[in-house]
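Structural overview for review
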Amino acid sequence: MQGPGGQENRVLNEGISAATMMLEADAVRFVDWVRSAAPYVHGFRGKTFVLGFGGEVAEGDLLERLCYDCNLLAALGVRLVLVHGARPQVEEELARRGLTSRLHAGIRVTDAEALECVKAAVGISRIEIEARLSQGLPNTPMAGAWMRVTGGNFVTAKPMGVVDGVDFQYTGKVRKVIAEEIKADLDQQNVVLISSLGVSPSGEVFNLAMEEIAEAVATALGAEKLIYLCDAPGLLDAQGRLIEAITADEAERMYRENKGLTEDLHLFLPHAIGAVRNGVARAHFIDRDKDGALLLEFFTRQGVGTMVTRETLAQFREAGIEDVGALLSVIAPLEADGTLVRRSRELLEMEVQRFSVVEHDDVIVGCAALYPFSEERAGELACLAVMPEFRRSGLGERLMQHIERRALAAGLERIFVLTTRTEHWFRERGFVEVSPDELPQQKRELYNYQRRSKVLVKVF
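The notes below deal with the structure included here. (Residues numbered from 1 in each chain as written. Predicted model: local features only at pLDDT ≥ 70, side-chain atom pairs only at ≥ 80, totals over all residues. Heavy atoms only, no water.)

Below, the discussion takes up the sheet that holds strand β14 (residues 245–247). Sheet architecture is open: eight strands sit in the order β5-β10-β2-β1-β13-β15-β16-β14, paired in mixed fashion. Since the sheet does not close on itself, it has two edges, and those belong to β5 (149–150) and β14, each with one partner. Where strand β13 (residues 225–230) meets strand β15 (residues 282–287), six bridges bridge the pair, whose relative direction is parallel. Note on β15: the bridge partner recorded for Cys230 is Asp287. Packing against the sheet, helix α5 (residues 179–187) makes contact with β1 (48–53), β2 (79–84), β5 and β10 (191–195), and its axis sits at approximately 125° to β2. Against the sheet, helix α6 (residues 210–221) makes contact with β1, β2, β10 and β13, and its axis sits at roughly 175° relative to β1, the strand it touches most. (Pairing = 2+ DSSP bridges. Helix = DSSP H or I, 4+ residues; strand = E, 2+ residues; numbered from the N terminus. Contact = heavy atoms within 4.5 Å. Axes fitted to C-alpha atoms, helices over the stretch in contact; angles between N-to-C directions.)

All chains considered together, the criterion is met by two cavities of 30 Å³ or more. Taken as a whole, the largest cavity encloses approximately 160 Å³ of empty space. Glu297, Thr300, Arg301, Met307 and His360 are the residues nearest the centre of the largest cavity, which is lined by 15 residues in total. For the lining of the largest cavity, the per-class residue count stands at four nonpolar, six polar and five charged. (1 Å grid on protein atoms, 1.4 Å probe; cavity = no way out; pocket = protein on both sides within 12 Å on 5 of 7 lines; lining within 4 Å. Points joined across faces, edges and corners; volume = space filled by probe spheres on them. Nonpolar A, V, L, I, M, F, W, Y, C, P; charged D, E, K, R; others polar.)

For the pair helix α2 (residues 60–75) and helix α4 (residues 112–133), the least separation of the axes is 9 Å and the interaxial angle reads 50°. The orientation of α2 relative to α4 falls into the category oblique. In the packing of α2 onto α4, the handedness of the crossing is right-handed. Side by side, α2 and α4 meet where Gly60, Leu63, Glu64, Cys67 and Cys70 of the first sit next to Glu128, Ile129, Arg132 and Leu133 of the second. Among the residues making up the contact of α2 with α4, the classes are represented as five nonpolar, one polar and three charged. (Parallel < 35°, antiparallel > 145°, perpendicular 65-115°, else oblique. Left-handed = near helix turned anticlockwise from the far one by under 90°.)

In this section: the side chain of Ser200. Within the fold, Ser200 resides in the loop between β11 (197–199) and β12 (205–207). Within the structure, Ser200 has its side chain in polar contact with the side chain of Ser202 (distance 2.8 Å). Not counting the four nearest positions on each side in its chain, Ser200 is found in contact with Ala157 and Phe206. (Polar contact = N/O pair within 3.5 Å; in protein donor to acceptor, adjacent residues only side chain to side chain.)

Once that is clear, we can look at the environment of Arg277. With respect to the helices and strands, the residue Arg277 is situated in helix α8 (residues 263–277). With residues up to four places along the chain from it excluded, the contact list for Arg277 reads Ala248, Asp249, Glu252 and Arg310. Of the polar contacts made by the side chain of Arg277, one reaches the side chain of Asp249; its length is 2.7 Å.

Here α5 crosses α6 at 75°, and the two axes come no closer than 10 Å. Judged on the interaxial angle alone, α6 and α5 are roughly perpendicular. Residues Ala179, Ile182, Lys183 and Leu186 of α5 form the contact with α6, whose participating residues are Val217, Ala220 and Leu221. Of the residues contributing to the contact of α5 with α6, the split by class is six nonpolar, no polar and one charged.

Below is the structure:
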């Protein structure tokens with residue numbers, strides 16, 4: 001018989017065992033994440049990111065978390081330019097002085113009194129941001145950090161002038177960005193902080209829009225990324241789902257239709273479009289309220305925001321020997337669950353010229369192969385695989401279409417697939433089931449009757 005003490009020990013041991021298993025599972029997930037992030041760490045080192053954010057982010061916990069993430073980006077070798085706004089702080093300063101905020105077409109009309117409020121609000125915000133970026137307390141994410149923050153008269157301004165009969169007075173626009181000086185600071189591993197003020201050659205100070213400065217700076221620097229922290233997860237489609245990637249042309253249509261755009265997105269979207277059309281590689285919209293959003297967007301495959309590109313993000317090409325490792329990682333999960341027949345690395349190396357791949361943001365996320373049987377004018381579509389997080393983005397179908405075009409170019413009249421799990425997917429795309437006897441002779445002789453794969457054919 002087991003005494004009371006034995007029962008308690010058993011329950012305790014079971015609890016310890018369960019806790020240990022949870023810790024081990026967390027460790028596995030952590031290791032997987034770090035390894036999957038490695039290509040992005042290598043890819044972003046030495047690249048310039050321009051990050052624009054409004055006054056809503058420039059205080060409190062949001063600023064604290066942003067500084068933690070900026071510190072990590074800088075430590076990983078990313079060259080950072082931060083552009084901050086101060087709209088809510090300006091509104092508070094106007095109210096404190098008993099002044100009325102005056103806007104026209106959503107743009108502040110800055111008279112002499114309002115300009116003093118702008119300078120005060122921007123100055124206080126900048127000091128607060130610099131202080132947070134300079135943290136290095138033990139037991140915090142910035143322990144041991146020393147981020148050197150620099151700034152200067154990098155942006156010259158010009159008056160907006162009179163628009164629709166309204167004199168905007170000290171509201172201005174960007175005249176020029178002194179890119180060489182910013183690059184010199186970045187070369188010294190400094191973080192450059194730019195405020196939403198500009199000076200003219202005559203010595204006047206102008207109130208500028210943060211989003212315009214961020215676009216101008218990113219364009220002048222030829223930045224890898226322009227990032228806006230905004231009041232939404234990103235752009236949403238008609239069903240309210242996040243649009244992960246969109247071209248500049250598609251984004252412009254959304255802007256013209258102005259359906260479902262929040263206040264920030266309406267302000268920032270035209271500047272993101274302008275930036276990618278003028279040499280910036282990518283523009284991103286990220287939820288300012290989501291903790292760690294910068295890290296999730298740039299160091300996970302699926303990201304968490306919306307990316308704006310000049311052209312479509314998915315690129316199709318033929319595989320080379322240097323892609324074998326990536327091909328193995330794409331097909332391994334489907335080999336493990338029996339969807340695909342296992343292929344050795346040696347076999348992949350010998351047959352790599354048969355494969356086409358699809359890249360998403362320069363990372364291979366899918367593949368497919370074409371094995372021609374020229375005498376019978378037929379080809380086998382094989383090893384069609386897409387990483388799980390991209391399977392709802394239509395890449396599988398586009399890979400299939402890419403293989404079909406290759407088959408047509410090779411003079412083939414039909415393609416066939418052998419499948420045990422995805423029969424209906426192929427049926428929905430024009431394939432019909434046939435007997436294994438209709439396979440090309442060479443393939444028929446290799447048919448595995450124990451696996452009992454369905455044979456489906458599509459005639460061009």
